[in-house]
Amino acid sequence: MTEEFILSQSDGRPMYLQIMDQIKLRITVEDWNPGFKLPSIRELAIAAKVSVITVKRAYQELEGEGIIITRQGKGSFVAEIDGLGRQLREDELDGYLVQALEVAESLGLDIGTVRERLYEIAVDLGKMNGDET
Amino acid sequence: MSAQIATRPSRASLFRHLALKDWSLNQWPLLAYTFCGLVSLFLITSQNKVVYHSGFVVLISAVIVFGAHLVFSCVINETNNRTLPFVLSLPMTFVEYSIGKMLFAIGSFMVLWLILMGGIFLVTNSQEHMLAGMLPYFVITMGYLFVAFVLTLSVAMIAESHVWAIVVMSICNISISIVMIAIAGIPSIGGSMGQASANWSPAVIGLLSGEALLVIGLLLGTLFIQSRKTEFL
Amino acid sequence: MSNQLAISMDGVSKQYSHFRLDDVSIQLEEGGIMGFIGPNGAGKSTTMRVIMGLVLADSGEINVLGHAIPDDQARAKMSIGFASEDMNLYPTATLQWHMDFVRSIFPSWDQQYADALVKRFDLHHDLKIKGFSHGQKVKAQLLLVLARRPRLLLLDEPTTGLDPVARREVLDELMEVLADEERTILFSSHNTKDVEQLSDSITFIDRGCVIESQDKESYLERWRRIRFEVPEGSRTPTLPGVDSVQKAGRLVSMTTGNFEPDMPAILQDQGAVIHGVENMTLEEIFVAEVMSSRQGEAA
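Here is a short report on the structure shown in this document. Predicted model only: the values in this text are computed from it and were never measured. (Residues numbered from 1 in each chain as written. Chains lettered and ligands numbered in written order. Predicted model: local features only at pLDDT ≥ 70, side-chain atom pairs only at ≥ 80, totals over all residues.)

This paragraph deals with the overall build of chain C. Helix and strand counts for chain C stand at ten helices and 14 strands. Seen through its C-alpha atoms, chain C measures out along the principal axes to roughly 75 × 40 × 40 Å. With 299 residues in all, chain C has 43% of them scored as buried. If you take every contact in chain C between residues at least 6 apart in sequence, the share linking residues at least 24 apart comes to 70%. (Helix = DSSP H or I, 4+ residues; strand = E, 2+ residues; numbered from the N terminus. Buried ≥ 20, exposed ≤ 12 C-beta atoms within 10 Å, placed from the backbone. Contact = placed C-beta atoms within 7 Å.)

In structure tokens:
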């Protein structure tokens, strides 16, 4: 389980973010369910070949987001939230949408334009019929 | 939170391991030169003047080459091959390393030297045609070779440069003929060479003592200089 | 993690004819791994030699695993494994000879582990060292220090010159070392990706001076690249503490090592349109640090 924590060498983002993403991914696909005990910071660091403080930071950030809970002396656990996996998926989508809006803003485009563009692209990709706008 | 007190091997044990290491890396050439030295002992028993003189050439050459191998393969090469950091990463100080190197170099040289000296005495006393009167002359010459070796070794260890070592070694070796003539020129030595018994005159004792003191002085001086170095690589 | 210091260097200086190691202070806690980076000739190798007692400093104090250096260096070295790219093994001897030699001196030698490493590193017991490729020589040196399981590993460029597979083998082994919380690693490397990934703390040295010595995450967090656009013809906005500014027409790219969250807003107040605020890789930070310190000297 911990053996597959491999960080991409070409991903330019900070490593603690990559670790967080991989943990979130396991929660999303329900490999790691609410209540599951995470590997210790050192175990994960060695498995992922990353420094201990990077993993520590990832765990701290995840705790800050409410995704994991650390109990003193016992370890870290996936938060006992029903549907946590689904929530994380929605959070990820929201992240992309926020980015899209920020780009639109910097290009001087309004929200209405963004929505139209979204529908046009969906039709082009065959994901929607043209009549559904 | 363990406070491990690392106990390192004793100095004696370290010196032994260093000497074994140097021996294992250099044994075949050193044994070969020793063999040549032993062969030369046979040659000098010959009644044939040419063979007799060749024997001495081989003897002196064996001693010189043995010493040269120790200096270059054993001392200078540690710097040239960059194996010195490897040895110095062992649990010892630089001075201890120098002592260990000296023990091996001087030790193995002395083994050869004593074998040949013993051989010369044996051969001279067992062969009627050989004159014991020559013994002081031989012994002083061999003593000179010892001093020359220690000098070259000291220069090599201090300067860590093969250039300096070659210069010193060459000067010593080229001067051998001159030195031998000078020794033979001393009345109590040259005059006694044709006699059947050895004349250990005050001049002889004086020269031999001088050689011994030089050797000790050089070794102590080298260790002193090594201990003042602030950089070992 | 224990708070004892594996390495403590305080105010260490050493004068050479063309170079000076100047007031170097480094602290490395036990159980940690520190990446030591800097340009060529910056003093990384010299610093590591000072820690090993192979070079005597002119001033300053050095303490390794509780032993004063150089006075107690012999005992310290029982617990230190040192490997360097400018160090060689004996060319006429075999790997087995070296293993026997090291084993005869260090009682902590683990023969089983050594044998496993020979296989893992794809080395040959009975080949003379002069027949080894460069990568194999490096791995052989590492094997000899790893098999003793020393409490401190001092590695000078352990992955330099290795092919990608060999590099992977070495880094995997180094990370295994850290499974023991009482073992510490200090390694210098040109490979900023490795340093960025593995290190708990980073020390940055240039021209004999320590520029930075800090835990990695905090250090990386201080640096940002801010990309923005300025309206035609207006002056480029400025910020205090900015390291470098690059312009291409109306597009500006600014790097800073003292990022504050209000910086984008300050730039916007000056008319900039922010395109992005990004973290920088260690390699980018490395270049920025060195360039700015060189410019500072030229100024």
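The partner chain C presents 20 residues to the 16 residues of chain A that form the contact. Every element with two or more residues in the side of chain A that touches chain C is listed here: helix H1 (15-28) and helix H3 (52-64) of chain A. In terms of residue count, the dominant contributor to the side of chain A that touches chain C is H3 of chain A (four residues). Here the residues of the side of chain A that touches chain C sort into eight nonpolar, five polar and three charged. (Nonpolar A, V, L, I, M, F, W, Y, C, P; charged D, E, K, R; others polar.)

Often, the extent of an interface is quoted as the loss of accessible area on bringing the components together. Counting from both sides, the interface comprises 27 residues of chain C and, opposite them, 24 residues of chain B. Looking at the side of chain C that touches chain B, the elements that each hand over two or more residues are helix H1 (44-52), helix H2 (73-76), strand E6 (80-84) and helix H3 (95-105) of chain C. Looking at side-chain class alone, the side of chain C that touches chain B contains 14 nonpolar, eight polar and five charged residues.

The next point concerns the sheet that holds strand E2 (residues 20-29) of chain C. All names here are of chain C. The strand order E2-E1-E4-E5 describes an open sheet built from four strands, whose pairing is antiparallel. Bordering the open sheet on either side are E2 and strand E5 (67-69), each of which pairs with just one other strand. Across the sheet, the mean angle from the axis of one strand to that of its neighbour is 20 degrees, orientation sign disregarded. Both strand E1 (residues 5-15) and E2 contribute to a ladder of seven bridges, which runs antiparallel. Bridge pairing in E2 links Met9 to Ile26. Relative to the sheet, H1 contacts E1, E2, strand E4 (59-64) and E5, its axis offset from that of E1 by approximately 115 degrees. (Pairing = 2+ DSSP bridges. Axes fitted to C-alpha atoms, helices over the stretch in contact; angles between N-to-C directions.)

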